[in-house]
Amino acid sequence: MILDAIIALFGSIIGSIMQGATVVFAPLINAMLAVVEALVGLVVDGFSIGRVGKKKRESRGSPVLGVAIIILILGAVVWFAIAPKILNREITLVAEDGHSLPFAALIVRSGDGDRHVRTDNAGKVMIPRFGFTSVSINDPRYVEKTWVRSEVKSEIVVRRTVLGSGLDKLADKLLKPEEK
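Residues numbered from 1 in each chain as written. Predicted model: local features only at pLDDT ≥ 70, side-chain atom pairs only at ≥ 80, totals over all residues. Heavy atoms only, no water.

K.L.:
Help me understand the overall build of the protein chain in this model?
P.N.:
Secondary structure summary: the protein chain contains 3 helices and 7 strands in total. Walking the protein chain from its N terminus toward its C terminus, one meets helices and strands in the order α-α-β-β-β-β-β-β-β-α. Counting every position in the protein chain, which comprises 180 residues, the buried fraction comes to 21%. Sequence-distant contacts, at least 24 apart, represent 44% of the contacts inside the protein chain between residues at least 6 apart. (Helix = DSSP H or I, 4+ residues; strand = E, 2+ residues; numbered from the N terminus. Buried < 20%, exposed > 50% of the residue type's maximum accessible area, 1.4 Å probe, protein only. Contact = heavy atoms within 4.5 Å.)

Written out as structure tokens, the structure is:
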């Protein structure tokens, strides 16, 4: 049943597009047919080619309804493509020395409750642009701190704990390329 509805939806979309395309291409096709008819008419008397036109049939819906459906579908596609970029924003967590904080644990508080997120390997995380009250860092490598909504900027500076600075120094030593 759902599959039938989806097929009917795409059929109506394609039908509306084809109907709109004939408005543009029918005059071009008729012009080319007239040129061919004129060239062949120079050699053969009484030669004629039929023209492309609308078929006479009962209309099942108004063209305005078809255009409205296409606009609604395009609006939905645009909404799903653009809404995440508008409704969310990206923040970057960096340490005092300027290094990013990979996989740091954050708590985003809002009226709906707490949401636990982690930064990616570059220290970036997506948080809601609207509706959150505060962002807290909750990771043993970094000093716990809470930023209220007005303090949250695109880049947040975080202080490291002794454990965090020791782990970062160890990671720097282990991740250096081999010297030859």
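K.L.:
I would appreciate a short explanation of a nonpolar patch on the surface in the present structure.
P.N.:
On the surface, Val23, Val24, Phe25, Leu28, Ile29, Met32 and Val52 cluster together into a nonpolar patch covering about 670 Å² of accessible area. According to the relative accessible area criterion, Val24 is exposed, its value standing at 51%. (Patch = residues over 30% accessible without salt bridge, like charges linked within 9 Å, V, L, I, M, F, W, Y side chains within 5 Å. Areas by Shrake-Rupley, 256 points an atom, 1.4 Å probe, with all protein chains shown as cover. Salt bridge = Lys/Arg side-chain N within 4 Å of Asp/Glu carboxyl O.)

K.L.:
For this particular structure, what's the right way to read the pattern of salt bridges?
P.N.:
In a structure, side chains of opposite charge can pair up when their charged atoms sit close to one another. Counted under the stated rule, the structure contains 3 salt bridges. With its nearest N and O atoms 3.9 Å apart, the salt bridge here joins Arg109 to Asp114. Overall, the relative accessible area of 49% leaves Asp114 in the partly exposed class. For the salt bridge of Asp139 with Arg141, the shortest nitrogen-to-oxygen distance reads 3.0 Å. Overall, Asp139 belongs to the buried group, its relative accessible area being 7%.

K.L.:
Even after reading the chapter, I still don't get the confidence of the model for the protein chain, so can you show me in this structure?
P.N.:
As a general rule, the predicted coordinates of low-pLDDT regions are not to be interpreted in detail. On average, residues of the protein chain score 80 in pLDDT, and 87% of them reach the 70 mark or higher. Looking across the protein chain, the model is least confident in helix α3 (residues 162-174), with a mean pLDDT of 68, and most confident in strand β2 (residues 105-110), with 89. (pLDDT = per-residue confidence, 0-100.)

K.L.:
Explanation requested: the sheet that holds β2 in the structure shown.
P.N.:
What holds strands together in a sheet is hydrogen bonding between their backbones, with the strands either parallel or antiparallel. Across the sheet, 4 strands lie side by side as β3-β2-β5-β6; this open sheet has antiparallel pairing. Pairing within the sheet leaves two strands with one partner each, and these edge strands are β3 (113-118) and β6 (145-148). The average angle at which neighbouring strand axes cross in this sheet is 20 degrees, direction not considered. Looking at chain direction, β2 and strand β5 (residues 132-137) are connected through 5 bridges and run antiparallel. The residue of β5 that forms the bridge with Arg109 is Ser134. (Pairing = 2+ DSSP bridges. Axes fitted to C-alpha atoms, helices over the stretch in contact; angles between N-to-C directions.)

K.L.:
Whenever I open this one, the sheet that holds strand β4 (residues 124-128) confuses me. Can you help?
P.N.:
Read from one edge to the other, the open sheet built from 3 strands follows the order β4-β1-β7, with strand pairing classed as mixed. For this open sheet the edge positions go to β4 and β7 (155-158), each flanked by a neighbour on one side alone. Pairs of neighbouring strands in the sheet enclose a mean axial angle of 35 degrees, with direction left out of account. As judged from the 4 bridges shared by strand β1 (residues 88-95) and β7, these two strands associate in the parallel manner. In the sheet register, Thr92 faces β7, and the bridge partner there is Glu155. Strands β1 and β4 of the sheet are contacted by helix α2 (residues 63-87), whose axis makes an angle of about 45 degrees with β1.

K.L.:
Quick question: what am I supposed to make of unusual backbone geometry here?
P.N.:
In terms of backbone geometry, most residues other than glycine have negative phi values and most peptide bonds are trans. Notably, Phe103 is not glycine yet its phi reads approximately 55 degrees, a positive angle. Looking at where Phe103 falls in the secondary structure, it is placed in the loop between β1 and β2.

K.L.:
Honestly, the packing of aromatic side chains in this entry has me stumped. Any pointers?
P.N.:
With the rule as written, the count across this model stands at 0 aromatic pairs. Over the ring of Phe132 we find Arg149, and its NZ or CZ is 5.3 Å from the ring centre. (Phe/Tyr/Trp six-rings, centres within 6.5 Å; stacked < 30°, edge-to-face > 60°. Lys NZ or Arg CZ within 6 Å of the ring centre and 35° of its normal.)

K.L.:
Could you clarify how one ought to interpret the nonpolar core in this entry?
P.N.:
With 18 residues, the main nonpolar core has Leu101, Ile127, Ile137, Val152 and Val158 as its most contacted residues. Elements with a minimum of two residues in this core: β1, β2, β4, β5 and β7. The contacts of Ile127, once residues within four sequence positions are left out, are Asn88, Arg89, Ile91, Val108, Arg115, Phe132, Val135 and Val152. (Core = buried A, V, L, I, M, F, W, Y, C linked by side-chain atoms within 4.5 Å.)

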